[in-house]
Protein chains: 2
Amino acid sequence: MAMTLDNQIQQAHNAWLQIRNWSPQQISTMLNAIADALDLAKGELVPVAMEETNLPEARLTGEVGRTSGQLRLMARAVQDRTYLDITIDHADSSLTPPRPDLRMKTTSLGVVGVFGASNFPFAFGVAGGDTASAIAAGCAVIIKVNPGHPRVSRMVGTIMINAAKNVGAPDGLISLVEDFDAGIALVEHPLTAAIAFTGSTHGGRALFDAACRREIPIPFYGELGGLNPIFVTRAMASQQAKETAEGFLASITMGAGQFCTKPGFLIVEGADEINAQLATLVSAAPGQKLLNSKIVELHDKNRDEISQVPGMNLVAQNSGEGDTYVSVFTISASDFLKAGASAKREVFGPTAVVVNCENSEELIDVARSFSGTLASGIHATDNDPTEIGPLLSILENISGRIVWNQWPTGLAVTWAMHHGGPYPASTNSLFTSVGAKALLRFRRPIAYQNFPQRYLDSVLRDDAPELKSARINGEL
Amino acid sequence: MAMTLDNQIQQAHNAWLQIRNWSPQQISTMLNAIADALDLAKGELVPVAMEETNLPEARLTGEVGRTSGQLRLMARAVQDRTYLDITIDHADSSLTPPRPDLRMKTTSLGVVGVFGASNFPFAFGVAGGDTASAIAAGCAVIIKVNPGHPRVSRMVGTIMINAAKNVGAPDGLISLVEDFDAGIALVEHPLTAAIAFTGSTHGGRALFDAACRREIPIPFYGELGGLNPIFVTRAMASQQAKETAEGFLASITMGAGQFCTKPGFLIVEGADEINAQLATLVSAAPGQKLLNSKIVELHDKNRDEISQVPGMNLVAQNSGEGDTYVSVFTISASDFLKAGASAKREVFGPTAVVVNCENSEELIDVARSFSGTLASGIHATDNDPTEIGPLLSILENISGRIVWNQWPTGLAVTWAMHHGGPYPASTNSLFTSVGAKALLRFRRPIAYQNFPQRYLDSVLRDDAPELKSARINGEL
């Protein structure tokens, strides 16, 4: 008999209460056990993911490794203990008013609902970064399976649940839901404490609104994508037109353009030579297989709409073998600015736009016209005559990450990565969804005032090794 | 000619752009200059605040000192530089995939709208903690003046603006708005980047909803108050009834009960002796002057409504000299649980409720019935026979701060303070509104990938002194 969603969330909540006081060591062990189990099952998982997503074997094999790597990075982040943010002020009766003993640490939020993405069946899927960081934070997780790859998601879920159970996880700590209505109900359920979502702006915003409308609103961490504009100076465009065109094409066709970090817009001062290079390169680009027919349909619709923007011209398409064409369009800066939002469409798939600027003022004006984005970039030469400061200042206002002479696709999963950014890049620009700090989304501070040692969590006691790296009386 | 709000916000945004790259030293200097100017003006400010708020001179004089102290703590927090969260991963081509150079720090959000509270004309007013932390974060501020004390707010605003200008702050970095509609418009304006609010659940929720409904939603940090239940074991209630009653009465009449940390509910296993003590003590309590006639009206209405809850009995009132009575009611745990939300009303002013439990199971059931609160507490004896663990676990779920054998009123402004907590204590339980970490609400991370040294902010360069305490390649 199927469990009702209400029972499932109640069971997750109870499981969370049981692991709330697990030590960092226990949580790390669980994360590593899940990572090991995933690596072991690679051979069974990859063929099923290939069938469901059209992604090639090498990419999916690498993605399993990236996913287990994320889990292991989270295990190390938990061992590191800085996420506890231990802060202590000792009582001081000489102050006016006298200061009580205060000991602060973070605590886990509760049941986290995770909505996996379509484009990374492993790394942003059931056992992906959001799940890893929620478990690392000491939360229970209920994962809404992406309808694009249900079979491999169920397999990953089973592997993960069994691996966790083997190291003592209580029943219900990790579970899956599948249908659309269950996803909404998960956001609205009183025992759901936070949501992590990776997907479209449209879908993410609807769920964000539902999370905000609750009687008790909950944090909603939505990673909704980006236009990821890359700006190319005149010197770069003339000195390295071919390399820039090659790099751009490689980046917009990586994963068949189905990356949230795809550079959808290349803004160039003097784009003629780059466009000429692209005309040749794009025509020869290999065929692209998209995730599924719905994605093809949506891609083609968005591409056709962007092609209708006044002043938008096709630079080149490839032969269209595969599911769809690789398409690069170009438009003048003045037409681009006139078109407003209609030209700034995120096209999920191998379509991109080159914006041709006559001068650096136009480059700046185009930069100003973008809103929040996961990433942006600047391509310039050594000793470039273009003044970089003003452009950089604008990009800092809108970006979670700024890339210099590289491309934004291919995210390093590290401590210094920031994957987020002003809306609509994310619904909460204060946190990253990728990298070691992603677990901070699911912890909140709590302060203990005047507590006897015996009732304090062991990490807050006077003899805790954690105090060596804590802030005590204002000093680190 | 009055400036339009749109112009005012535009000017604040421009001022923010100018100070975005100010050094921590410059920001600290500005905070200290404001603190010094406030202290100097104490003699002029306090009499006006007395007229507008009915609060006594000693309290208001102390509050100015607390306010300048908050500004100076923020100046030290900025000098500390940990809020920059500097994190660096060096390029490593030996990894698969090769890792690029990544340098992460936080950056300021932009224009912050601050809504000051009625009950602390200085510490949560125009130059209060929210303003101090927003400026410390490197933001511009526009402060909605609380209608309860407009004159002293304008005086503080002028002092603060002049002090900031004297150390080089651009025009419009700090400014005020007064009318209700301007407050809403501030939340809705496209250039407003975040809101900090201290006040009622009703008013805060309305503004929170407006912040979430925006085309580009913004962070809304609302501190909406709390019921702050304090739990007393049977042993404590019998061994220290008088001390407990005295402490409770002192705490619920501090500031005439107009504190968001007022312990509105005392939940006691075996309350008869404490109630008997309270009957005597409350009758003799001094008269209370509330902030203004509107607050008196609202207090009396809420008190009368809570008095109508079935099973609610008056323990005692004082003589009612001043603006209103000090009132303590009592109710059995079973009646309290039956009454649901109607008994769990925050009464702003000197009214409180003692919940009388027959046994420790009832104490636990009552604890479970509370939702998010700024603070909660446990009063117990040394070697108390009551098992504390289950109660503490429940309080950890709902509280931002838990107090042991002390009272929640009187907030220490320190590094380890947490003033926040699950909704409705705050609209964002991940951050504190009081203490050094409050500035983190107004910073977001940004990562720089593969950047030449010369285009990096000085704190991210290889020769930055800040790197000594940064996390580099995963290690602190």
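Residues numbered from 1 in each chain as written. Chains lettered and ligands numbered in written order. Predicted model: local features only at pLDDT ≥ 70, side-chain atom pairs only at ≥ 80, totals over all residues. Heavy atoms only, no water.

## So, the packing of helix α3 (residues 42-53) of chain A against helix α6 (residues 150-166) of chain A
Residues and elements named next belong to chain A.
Part 1: At a minimum axis separation of 8 Å, α3 and α6 run at an interaxial angle of 155 degrees. In this view, α3 runs roughly antiparallel relative to α6, as classed from their interaxial angle. The residues of α6 that touch α3, namely those facing Glu 44, Leu 45, Val 48, Ala 49, Glu 51 and Glu 52, are Pro 150, Arg 151, Val 152, Met 155, Val 156 and Ile 159.
Part 2: Of the residues assigned to the contact of α3 with α6, the class counts are 8 nonpolar, no polar and 4 charged. (Axes fitted to C-alpha atoms, helices over the stretch in contact; angles between N-to-C directions. Helix = DSSP H or I, 4+ residues; strand = E, 2+ residues; numbered from the N terminus. Parallel < 35°, antiparallel > 145°, perpendicular 65-115°, else oblique. Contact = heavy atoms within 4.5 Å. Nonpolar A, V, L, I, M, F, W, Y, C, P; charged D, E, K, R; others polar.)

## A short note on the packing of helix α7 (residues 180-188) of chain A against helix α8 (residues 201-213) of chain A
Helix packing geometry: the angle between the two helix axes and the distance between the axes.
Residue and element names in this part refer to chain A.
Part 1: The geometry of α7 relative to α8 is characterised by a closest axis approach of 8 Å and an angle of 35 degrees between their N-to-C directions. Facing Ile 184, Val 187 and Glu 188 of α7, the residues of α8 in contact are Leu 207, Ala 210 and Ala 211.
Part 2: Counted by class, the contact of α7 with α8 contains 5 nonpolar, no polar and 1 charged residues.

## Side note on the pairing of strand β7 (residues 220-223) of chain A
Residues and elements named next belong to chain A.
Part 1: Every second residue of β7 is oriented toward a common face, with Phe 220 and Gly 222 on one face and Tyr 221 and Glu 223 on the other, all of them buried.
Part 2: Relative to β7, strand β6 (residues 192-198) runs parallel, the two being bridged by 4 bridges. Opposite Thr 198, over in β7, you have Glu 223 as the bridge partner.
Part 3: Crossover handedness for the path β6 to α8 to β7: right-handed. (Buried < 20%, exposed > 50% of the residue type's maximum accessible area, 1.4 Å probe, protein only. Pairing = 2+ DSSP bridges. Right-handed = clockwise from strand over helix to strand, strands pointing away.)

## Let's talk about the sheet that holds strand β1 (residues 87-89) of chain B
Within a sheet, neighbouring strands are paired by backbone hydrogen bonds and run either parallel or antiparallel to one another.
Part 1: Strand order across the open sheet formed by 11 strands is β10(A)-β11(A)-β12(A)-β9(A)-β8(A)-β13(A)-β14(A)-β15(B)-β2(B)-β1(B)-β16(B), with mixed pairing between neighbours. Looking along the sheet, the strands with just one partner apiece sit at the ends: β10 (313-317) of chain A together with β16 (471-472) of chain B.
Part 2: Bridge analysis of β1(B) against β16(B) gives 2 bridges, and the strand direction is parallel. Its bridge partner lying in β16(B), B:Ile88 is registered against B:Ile472.
Part 3: Lying on the sheet, helix α15 (residues 389-398) of chain A is in contact with β8 (230-232), β13 (373-379) and β14 (399-404) of chain A together with β15 (443-449) of chain B; it crosses β14(A) at an angle near 140 degrees.

## Here we look at the confidence of the model for chain A
Part 1: Residues of chain A with pLDDT of at least 70 account for 100%, and the chain-wide mean is 96.
Part 2: Across the assembled chains, the prediction reports ipTM 0.97 with pTM 0.97. (pLDDT = per-residue confidence, 0-100.)

## Points about the pairing of strand β12 (residues 351-357) of chain B
Residue and element names in this part refer to chain B.
Part 1: β12 sits mainly inside the fold: 7 of its 7 residues count as buried.
Part 2: Of the two faces of β12, the one lined by Thr 351, Val 353, Val 355 and Cys 357 and the one lined by Ala 352, Val 354 and Asn 356 are each fully buried.
Part 3: Direction of pairing for strand β9 (residues 265-269) relative to β12: parallel, over a ladder of 5 bridges. What sits directly across from Phe 265, in β12, is Val 353.
Part 4: Sheet topology places strand β11 (residues 327-332) next to β12; 6 bridges connect them, and they run parallel. Residue pairing across strands places Val 328 opposite Ala 352, the latter belonging to β12.

## Regarding the interface of chain A and chain B
Quoted interface sizes are often the accessible area lost when the parts come together.
Part 1: With 72 residues of chain A at the interface, the matching set in chain B holds 72 residues.
Part 2: Considering only the surface of chain A that becomes buried against chain B, A:Trp404, A:Leu430 and A:Gln449 emerge as the three largest contributors, covering 11% of it.
Part 3: For the pair chain A and chain B, the number of links is 6 salt bridges.
Part 4: The residue A:Asp85 makes a salt bridge to B:Lys437 at a minimum N-O spacing of 3.1 Å.
Part 5: At the boundary of chain A with chain B, the tally comes to 46 residue pairs in polar contact (both at pLDDT 80 or more). (Buried area = accessible area lost by both parts, 1.4 Å probe. Salt bridge = Lys/Arg side-chain N within 4 Å of Asp/Glu carboxyl O. Polar contact = N/O pair within 3.5 Å; in protein donor to acceptor, adjacent residues only side chain to side chain.)

## Structural notes on the relation of the copies chain A and chain B
Part 1: Superposition of chain A onto chain B requires a rotation of 180 degrees combined with a translation of 0.0 Å along the rotation axis, giving an RMSD of 0.0 Å. Such a combination of turn and shift is consistent with a two-fold rotation axis. For chain A, the minimum C-alpha distance to the rotation axis belongs to A:Cys212 and amounts to 3.4 Å. (Least-squares fit on C-alpha atoms with pLDDT ≥ 70 in both.)

## Observations concerning the packing of aromatic side chains
Part 1: Under the definition given, this model contains 31 aromatic pairs over all chains.
Part 2: Counting every residue linked through ring pairs, the aromatic cluster contains A:Tyr221, A:Phe431, A:Phe442, B:Tyr221, B:Phe431 and B:Phe442.
Part 3: If you follow B:Arg66 out to its NZ or CZ, it ends over the ring of B:Phe120, 5.7 Å from the centre. (Phe/Tyr/Trp six-rings, centres within 6.5 Å; stacked < 30°, edge-to-face > 60°. Lys NZ or Arg CZ within 6 Å of the ring centre and 35° of its normal.)

## A word on the state of the cysteines
Among covalent bonds in proteins, the disulfide is the one between the sulfur atoms of two cysteines.
Part 1: Evaluated as defined, the whole model comprises 0 disulfides over all chains.
Part 2: A:Cys139 carries a free sulfur, and the closest cysteine sulfur to it, the one in A:Cys212, is 19 Å from it.
Part 3: Cysteine A:Cys212 remains unbridged, with the sulfur of B:Cys212 as its closest cysteine sulfur at 3.3 Å. (Disulfide = S-S within 2.5 Å.)

## Here's the deal with helix α7 (residues 180-188) of chain B
Residue and element names in this part refer to chain B.
Part 1: Those residues of α7 not exposed but buried are Ala 182, Gly 183, Leu 186 and Val 187. One face of α7 carries all of its buried residues, which in axial projection span an arc of 140 degrees.
Part 2: Next to the buried residues of α7 lie α1 (5-19), β3 (111-115), β4 (140-144), β5 (174-177), β6 (192-198) and α8 (201-213). (Arc of directions from axis to C-beta.)

## Some words on the sheet that holds strand β4 (residues 140-144) of chain A
Residues and elements named next belong to chain A.
Part 1: Reading across from one edge, β5-β4-β3-β6-β7 is the order of the 5 strands in this open sheet, with parallel pairing throughout. Both outer strands of the open sheet, β5 (174-177) and β7, are each paired with one neighbouring strand and no more. Strand-to-strand twist of the sheet, defined as the mean angle between neighbouring strand axes without regard to direction, takes the value 20 degrees.
Part 2: In the sheet, strand β3 (residues 111-115) pairs with β4 via 5 bridges, with the strands oriented parallel. When the sheet's bridge partners are listed, Gly 113 is paired in β4 with Ile 142.
Part 3: Where helix α5 (residues 129-136) meets the sheet, its contacts fall on β3, β4, β5 and β6, and the angle it forms with β4 comes to roughly 165 degrees.

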